[in-house]
Structures are given as C-alpha cells and as structure tokens.
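Observations on the three-dimensional arrangement
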Amino acid sequence: MHSDDEGSLAGPSSSELLGFPRDARVLIVNCDDLGLHEAVNAAVVEAVNRGVASSASLMVPAPAAAHAMGLLAADSDLPFGVHLTLTRDGPAHRWAPVAPAEQVPSLVGADGLLLPSAAVPELLAGARIEDVERELRTQLAVVARAGLSPTHLDWHVMADGGRDDIRELTVQLALEHGLAARVWLRPGRQAARARGLPVVDHDFLDSFALPLQGKAERYVRLVRALPTGLSEWAVHPAVDPTPVDVDLDWAVRRSDYDFLISAEADRVLADEAVMVIDYRRLQRAWAGNPGATSHRS
C-alpha cells in the first residue's frame, strides 16, 4: 500500500460527490496491465466478468495489446481505461512507443525503444512534455480507431505520471476526451478536488506491494478495515502462461487472480457491505462538471 499522505482530504468525500451516503465504503478494483500478455488478458477478463474486479486498464504499447483490444471489442460491457505507458518492464521486454520514435526522441533510448521501468528517474528528468503529449495522444488514437470507448486514464509504473506537468496533461486529456483520470497522490488529489473532480479519498493499494505469503488473508483484512469514502486497489491478475516465455512476476499475478475469482472475496465484500464500482461513475461526474475546464497549470 502506498502511504504518501496523512489521511483523507478535507471536505465532502469523493464518494459523497458521487452520490453515496456519507458512511458508504466504496471501492474500485482495477486490473492493471491488460495487453501485457495473453495470460494477463485472459485473467483480467475473467476477474471482471466472474470475479470481484470492476474494471481494467489497457497498455497500448505492450505486446498483447491487439489481443486485448479484440477481447474488449467482443465484450463491450467490460469497463476499461487506458494504462498510459512510457516504459517497458525490463531490458528483455522490447516495447517501442506507439508514435514513431523519431517524433518522441526524449522518450526512447538509442535503440528506439521505451526505457526500462528501472530508468524512470532518467526518463522523468529528460522527457519533453511535447513528446509525452504526442505519445499519449497516439495511444488514445489507437484505442479510438479500434472503436473502443474507455472510461478513464491511469498510469503504468509512474503514479500520476511522475511529474506535476505530466499529471496536469493527463487530467487535461481526460477532460478533453470525456474521461475520468486516476489521481492517487496527495498533490494531485488536492488539485482535482479543488476543481470539483472526484478522485480517491485515501491512500491507494498496489498489489505488488503485498507479500505473497498469506496474501488472500491480507486482502480479507484490508476489506474489513476499508475506511468510508472512495478507495482503489490496483491489482494485476494472470493465469499461468504456457509456455513461460518471459518473466512477468507470474507468482504475484497468479495470487491476485486466485483471490479475485474466489468465493471468499465475494463473501467478504458482501459481508462488509462494500460497494464495488468501476470508473464509469467517475467518468460521468468528470464529464458533468462545468467548472473542470481543460487547462494546464
């Protein structure tokens, strides 16, 4: 779990802004990394359609993105966002930007590929905002050309885009396209709420931060301790790949999948009266907010 702040923001909670009672406990369970691998794609669809997950996020530059977009086209009721991606997960993963590399030179290495996730500090130090915007718009255009309708924007690896100007660009693009945006860190949450935009009320949870041992029991405890207001979990399910052709932390992903489709997960959420929602509710609130004009700070 990330702990960048000291609690919820002042004023009405985002869940109240969305129309829930003040004492409601509301949770988004979002499956990140759709498009990473076909074993991820299969698990994400099952976790949303048969499990307790509520939405997903598509990585357009990732190697199985075309497969994922085919699944989304065949299942138009599955809510998904665009998992904005400016890095590849490791040196063995050879992902290029969606825009031509020569048009986004500050985002790529000498090989024309996106930088590995371990090089995020280097990326953020050198990325020109014009290149970032060009790549993000290209990723969104790919989704639009596929005839798909996302609900929100969020980030792969870099929470809120990693820089204030990138975060504001993300919000601008969301508003321009009639979407919501995942805003997790306190400065961004304060800025969004000042514009009347609902975002999570509390620290976020990234499933990679949880230890493998006793993970299901930890999830159950987290549900029971969920505070009032809007929370979000970023989970990363996958089924076992055949063959194991690349290292994608399969044990972490399989443990998420096992919990999300379990009867125990369904039962504890029901017992605790937790309301699980997807980003469509936030999307409507963002699109319906006349004060949230698209601008850059």
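Just so it is clear, the structure is predicted and the values come from calculations on it, not from any experiment.

Here we look at the overall build of the protein chain
Counting its secondary structure elements, the protein chain contains eleven helices and ten strands. Its C-alpha radius of gyration of 18 Å places the protein chain within 12% of the 19 Å reference for a compact globule of 297 residues. For the protein chain, the spread of C-alpha atoms along the principal axes amounts to about 55 × 50 × 35 Å. Per-residue burial for the protein chain yields a buried fraction of 58% across its 297 residues.

Some thoughts on helix H6 (residues 164-176)
End to end, H6 covers 18 Å across 13 residues, agreeing with the expected 18 Å (1.5 Å per residue, within 8%). Every buried residue of H6 is accounted for by Ile 166, Arg 167, Glu 168, Leu 169, Thr 170, Val 171, Gln 172, Leu 173, Ala 174 and Leu 175. Directly beyond the C-terminal end of H6, a positive phi value near 70° is found at Gly 178.

Here's the deal with unusual backbone geometry
The residue Val 157 is not glycine, and still its phi comes out positive at about 70°. Assignment of secondary structure puts Val 157 in the loop between strand E6 (152-155) and H6. One non-glycine residue with positive phi stands out, namely Asp 249, at about 55°. Mapping Asp 249 onto the fold places it in the loop between strand E9 (229-235) and helix H9 (250-260). A relative accessible area of 43% means that Asp 249 is categorised as partly exposed.

What about the environment of Leu 36?
You can see Leu 36 is positioned in the loop between strand E1 (25-34) and helix H2 (38-49). Residues Leu 36 and Pro 61 lie 25 residues apart in sequence; the distance between their C-alpha atoms is 8.7 Å. Setting aside its immediate chain neighbours within four residues, Leu 36 contacts Asn 41, Met 59, Ala 62, Pro 63, Ala 64, Asp 89, Trp 95, Leu 248 and Arg 253.

Here's the deal with the nonpolar core
Core analysis: the biggest nonpolar cluster contains 94 residues, and Cys 31, Leu 58, Val 132, Trp 233 and Trp 286 have the highest contact counts within it. Setting aside residues up to four positions removed in sequence, Trp 286 forms contacts with Val 171, Ala 174, Leu 175, Leu 179, Ala 180, Ala 181, Val 183, Leu 197, Pro 198 and Val 199.

Considering the pattern of salt bridges
Summed over the entire model, instances satisfying the criterion amount to 21 salt bridges. Arg 182 serves as the salt-bridge partner of Glu 232, at 2.9 Å between the closest nitrogen and oxygen. Pair noted here: Glu 232 is in strand E9 and Arg 182 is in the loop between strand E7 (180-181) and helix H7 (186-194), with a separation of 50 residues, a long-range link. Comparing Glu 232 with Arg 182 shows no difference in burial state: the two are buried. Several salt bridges converge on common partners, so that one network encompasses Asp 32, Asp 154, Arg 182 and Glu 232.

Here's the deal with the packing of aromatic side chains
Counted according to the given criterion, the structure contains three aromatic pairs. When the ring of Trp 184 is compared with that of Phe 204, the centres are 3.8 Å apart and the planes differ by 10°; the resulting orientation is stacked. Of this pair, Trp 184 sits in the loop between E7 and H7 while Phe 204 sits in the loop between H7 and strand E8 (205-206), and the two are 20 residues apart along the sequence. Taking relative accessible area as the criterion, Phe 204 reaches 6% and is therefore assigned buried. Ring centres of Tyr 219 and Phe 259 lie 4.6 Å apart, and the angle between their planes is 20°; on these two criteria the pair is classed as stacked. Taken together, the positions of Tyr 219 in helix H8 (residues 215-224) and Phe 259 in helix H9 put the pair 40 residues apart, joining distant regions of the chain. Through a chain of ring-to-ring contacts, three or more aromatic side chains come together here, namely Tyr 219, Trp 233 and Phe 259. For the cation-ring pair, Arg 281 lies above Phe 20, with the distance from its terminal atom to the ring centre recorded as 4.0 Å.

Cut-offs and rules
Residues numbered from 1 in each chain as written. Predicted model: local features only at pLDDT ≥ 70, side-chain atom pairs only at ≥ 80, totals over all residues. Heavy atoms only, no water. Helix = DSSP H or I, 4+ residues; strand = E, 2+ residues; numbered from the N terminus. Rg over C-alpha atoms; globule rule 2.2 N^0.38 Å. Buried < 20%, exposed > 50% of the residue type's maximum accessible area, 1.4 Å probe, protein only. Expected span 1.5 Å × (residues − 1). Contact = heavy atoms within 4.5 Å. Core = buried A, V, L, I, M, F, W, Y, C linked by side-chain atoms within 4.5 Å. Salt bridge = Lys/Arg side-chain N within 4 Å of Asp/Glu carboxyl O. Phe/Tyr/Trp six-rings, centres within 6.5 Å; stacked < 30°, edge-to-face > 60°. Lys NZ or Arg CZ within 6 Å of the ring centre and 35° of its normal.

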